Amino acid sequence: MKESIKVFAPATVANVACGFDILGFAVENPGDEVILKLKPGSGIKITKITGDEGRLSRDAEKNTVGVSISNFLKHIDSKQGIEISLNKKMPLGSGLGSSAASAVAGVFAVNQLLGMPMSQEDLLPFAMEGERIACGSAHADNVAPSLLGGFVLIRSYDPLDIIRIPTPKNLYCTIIHPQIEVQTRDAREILKKQILLKDAVIQWGNVAGLIAGLMKSDYELIGRSMHDVIVEPIRAILIPGFEDVKRNAKEAGALGCGISGSGPSIFALSKDEKTAKKAGEKMKEIFADLKIGSDLYVSKINNSGPQILD
Ligand code: HSE
């Protein structure tokens with residue numbers, strides 16, 4: 001049996017415009033790394049966190065990775081001691097599923113170390129508990145794609161029903177992360193608790209259209225379905241230049257563009273790498289004009305999920 005393991009789990013784009021809390025996909029980069037070691041005795045200890053500027057809790061009961069692993073160990077009735085070292089390789093509060101990637105890397109790693117007592121899919125509820133600690137809500141649209149790879153639909157939360165959606169081979173994602181922070185907890189609190197039936201009709205038409213477009217490799221249908229009339233109009237005010245970034249992405253040829261998760265990152269989908277890169281340059285220009293630093297990522301959809309690095 002291995003004594004230690006190093007795992008990478010990918011960042012994710014949740015919501016995908018119209019699918020608030022029910023759609024998400026994984027990207028190839030960025031992502032987080034977790035190193036776990038078996039330790040004598042019981043208990044979970046966080047030995048090191050890098051890349052978080054000292055902002056994440058070192059207390060395993062308050063840390064996303066610690067909580068996910070602790071729930072997993074309780075479930076399999078294990079008293080195994082674990083040491084955690086977390087390497088944050090993506091920004092916090094970015095809308096890229098930072099806490100989800102850490103939680104997924106943690107539960108995937110501990111399952112591997114202990115000889116895979118559970119299937120990869122069954123690890124999802126433990127990673128969702130990590131999400132609850134991070135932002136007060138156990139939504140699955142970041143953890144599910146990070147854990148399973150690809151494009152994932154959460155058809156139902158109770159009971160949990162997760163469906164992987166095939167995507168066209170050449171679908172590329174552009175993500176621009178403006179260097180400002182939006183806390184998911186805050187971005188959820190400002191949302192309306194009730195919506196109009198006429199908006200719901202538009203929204204579920206788009207969700208169905210997006211899924212159909214992905215499954216049929218119909219790029220035009222994907223593009224015209226990436227339209228959110230419920231959440232984006234409220235959250236857009238948290239992101240300076242959002243409408244201009246979106247316009248530039250589309251003018252550069254992207255199929256569609258929206259807020260990544262709870263923001264402030266903005267994502268666009270394109271039907272080839274060249275267009276995805278061009279859209280990225282144009283999206284970046286807006287933040288440069290606003291004197292806001294930004295990080296740009298262009299990647300294919302990540303269909304493999306977590307990866308063992310060592
Ligand atoms: N669906 C969640 C939200 C994702 O939009 O609040 C958070 O990353």
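Scroll up to find the structure.
A few points on the structure. Just so we're clear, the structure is a prediction, and the values are computed from it rather than from any experiment.

What follows concerns helix α10 (residues 273–289). Its 17 residues place the ends of α10 25 Å apart at the C-alpha level, agreeing with the 24 Å of an ideal helix rising 1.5 Å per residue. All of the buried residues in α10 are Thr275, Ala276, Ala279, Gly280, Met283, Ile286 and Phe287. Down the axis of α10, the buried side of the element spans an arc of 140 degrees, and every buried residue falls inside it. When the buried face of α10 is taken as reference, the exposed residues oriented beyond 90 degrees from it are Lys274, Glu281 and Asp289. In this structure, the buried side of α10 is in contact with β7 (172–178), α9 (242–251), β8 (256–259), β9 (266–270) and β10 (294–300).

Let us now look at the site of the ligand. Neighbouring the ligand are Ala14, Asn15, Phe20, Asp21, His139, Asp141, Asn142, Thr184, Arg188, Arg235, Gly261 and Ser262. One nitrogen or oxygen atom from the side chain of Asn15 is found 2.7 Å from an oxygen atom belonging to the ligand. For the ligand, a nitrogen atom lies 2.5 Å from a polar atom in the side chain of Asp21. For the ligand, whose unbound accessible area comes to 260 Å², protein coverage reaches 98%. Broken down by class, the residue content of the shell around the ligand amounts to two nonpolar, six polar and four charged. Per-domain counts for the shell around the ligand show at least three residues from each of domain 1 (4–165) and domain 2 (172–300).

Scoring rules and cut-offs
- Throughout, a residue's number is its position along its own chain's written sequence, starting from 1.
- In view of the model being predicted, local features appear only for residues whose pLDDT reaches at least 70, and side-chain atom pairs are presented and counted only at 80 or more, with totals across whole chains, interfaces and linings using the full set of residues.
- The side-chain numbers reported here are obtained from all heavy atoms of the structure, hydrogens and water having been left aside.
- Helix and strand assignments come from DSSP, with helices taken as H or I runs of at least 4 residues and strands as E runs of at least 2, each series counted from the N terminus.
- Here the expected span of a helix is defined as 1.5 Å times the quantity of residues minus one.
- Categorising residues by exposure relies on relative accessible area from a 1.4 Å probe, with only protein chains included: less than 20% of the type maximum marks a residue as buried, more than 50% marks it as exposed, and the intermediate range marks it as partly exposed.
- Regarding the arc, it is the one traced by the directions from the helix axis to the C-beta atoms.
- Between two residues, a contact is recorded if the distance between any of their heavy atoms is within 4.5 Å.
- We call a residue near a given molecule or strand whenever any one of its heavy atoms falls within 4 Å of it.
- Two N or O atoms count as a polar contact when they lie within 3.5 Å, although within protein this holds only if one can serve as hydrogen donor and the other as acceptor, and sequence-adjacent residues are included solely when both atoms are side-chain atoms.
- For the accessible areas, the method is Shrake-Rupley and the probe is 1.4 Å, while residue cover comes only from the protein chains on display.
- Three categories are distinguished: nonpolar for Ala, Val, Leu, Ile, Met, Phe, Trp, Tyr, Cys and Pro, charged for Asp, Glu, Lys and Arg, and polar for the others, with Gly belonging to the last.
- Segmentation of the chain into domains, including their bounds, is taken from an automatic or database domain assignment.

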